[in-house]
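Each chain, written out:
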Amino acid sequence: MPSMAEVQAAMAEVTHLQQRLAAALDADDLGEVERLLAELSVAEKRRNRLLQRASTGGGGAFDAAPPIREQVAAVLGILGRPASVSLIRDVAMARFGETIQPSRLASLRRDEQRSWQAAHRSAAPGARSLARPVYVVPALTFDRFAPVRGMLALSSWPLEIRLIAPASARVDVLHIIIRLIGELSHSPESPSAPNLRRLVWRFARTIAGAIEIRDGFDYTMVRDAAERELQQIADADTAERAEAADRARGQLDAETQLFGATMRLANRTSTEATG
């Protein structure tokens, strides 16, 4: 049975997200609205589950965890960049208190592709589209356009962001650190803030100049150090990704741009890229 503190924290998290959603609607920030709706969906399901367990002492209609795709999409919406499965699991636990089992992730990519295919099959004129607004897709290698093992992205992101060049993993981690700091700065009293702070601290130790032994841990110092490193490596990475994206648009159909090339096609596109 969950403790009263857990229940209160889950209720406070929902209230906090609802307030942020209202502010985003007032500001007509549609991207932020979409991201917060995904987070709110996961948070509300967790609140309902904890409330039911606390009131009945057991499971019930709300006992099941949120669908895996909802959790992953919400986490990726927070991060804003392709992320490894291990990082997605860490952020899901830190932000929502949800444990994502690796076994539940194993079939996610195939399920998402099948759903995309079913929604985009020829339909009768005027039929209602079954397409989702966003799909969880694999990040793709910049040379072969093949799925990157254990790294996920969102279909709504530009192709340039979903492609992974040699320096992209580091560039994306630096952007993710800045995003998490922004999340903490926006909501310093959120129930999830202590857990997110621990994540930022873990990443900060990998950035030169982010932590000073004398002064301790400071968000501004970490963000500035991440931005300094980005200034050194981001431009070249952006150029490589943009060139690869142009090539992909000329060679691949819509489905392959999202879910990646088969081995045969990957070998062919790699040969064409190298001349």
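Up top is the structure.
Numbers given for residues are sequential positions, taken from 1 along each chain in its written order. Reporting of local features is limited, given that this is a predicted model, to residues whose pLDDT is at least 70; pairs of side-chain atoms are given and counted only at 80 or more, and all residues count toward the totals for whole chains, interfaces and linings. Side-chain metrics rest on all non-hydrogen atoms present in the structure, leaving aside hydrogens and water.

Chemist: Which residues make up the overall build of the chain, and what are the values?
Modeler: Each helix is a run of DSSP H or I of at least 4 residues and each strand a run of E of at least 2, with the numbering of both proceeding from the N terminus. Helix and strand counts for the chain come out as 12 helices and four strands. Buried means the residue's accessible area, taken with a 1.4 Å probe over protein chains only, is under 20% of the maximum for its type, while exposed means over 50%, and partly exposed covers the values in between. Here the chain, with 275 residues, has 43% of them falling under the buried criterion. Surface exposure here means Shrake-Rupley accessible area, sampled with a 1.4 Å probe, where a residue is shielded only by the protein chains that are shown. When the accessible surface of the chain is split by element, carbon and sulfur atoms take 53% of a total near 14200 Å².

Chemist: Can you break down the side chain of glutamate 39 residue by residue, with the values?
Modeler: Note that glutamate 39 resides in helix α2 (residues 30-56). A relative accessible area of 0% places glutamate 39 in the buried class. It only takes one pair of heavy atoms within 4.5 Å for two residues to be counted as in contact. Those residues in contact with glutamate 39 that sit more than four places away from it in its chain are Leu17, Ala74, Ile78, Arg95, Phe96 and Glu183.

Chemist: So what's going on with the pairing of strand β2 (residues 136-141)? Which residues, and what values?
Modeler: The buried fraction of β2 amounts to five of the six residues, a majority that puts the element mostly inside the structure. At least two DSSP bridges between two strands are needed for those strands to be called paired. As defined by bridge partners, β2 adjoins strand β4 (residues 163-164) across two bridges and the pair is classed as parallel. Bridge pairing links leucine 140 to leucine 163 in β4.

Chemist: Can you lay out helix α8 (residues 168-186) for me, pointing to particular residues and giving the numbers?
Modeler: What a helix should span is 1.5 Å times the count of its residues minus one. When the terminal C-alpha atoms of α8 are compared, their 27 Å separation across 19 residues agrees well with the 27 Å that a helix rising 1.5 Å per residue should span. Within α8 the residues assigned to the buried category are Ser168, Val171, Asp172, Leu174, Ile176, Ile177, Leu180, Ile181, Glu183 and Leu184.

Chemist: How would you sum up unusual backbone geometry? Please name residues and give values.
Modeler: Notably, aspartate 28 is not glycine yet its phi reads approximately 60°, a positive angle. We note that phenylalanine 145 has phi near 60°; this positive angle belongs to a residue other than glycine. Given the relative accessible area of 0%, phenylalanine 145 is considered buried.

Chemist: Pulling in residues and values, what's your account of the side chain of serine 192?
Modeler: Locating serine 192 in the fold gives a position in the loop between α8 and α9 (193-204). Accessibility expressed as a relative area gives 4% for serine 192, which makes it buried. Looking at serine 192, its side chain comes within polar contact range of the side chain of arginine 95, at 3.5 Å. Once residues within four sequence positions are removed from consideration, serine 192 is found in contact with Glu13, Ala94 and Arg95. What qualifies as a polar contact is a pair of N or O atoms within 3.5 Å, subject to a donor-acceptor requirement within protein and to the restriction that residues adjacent in sequence count only when both atoms come from side chains.

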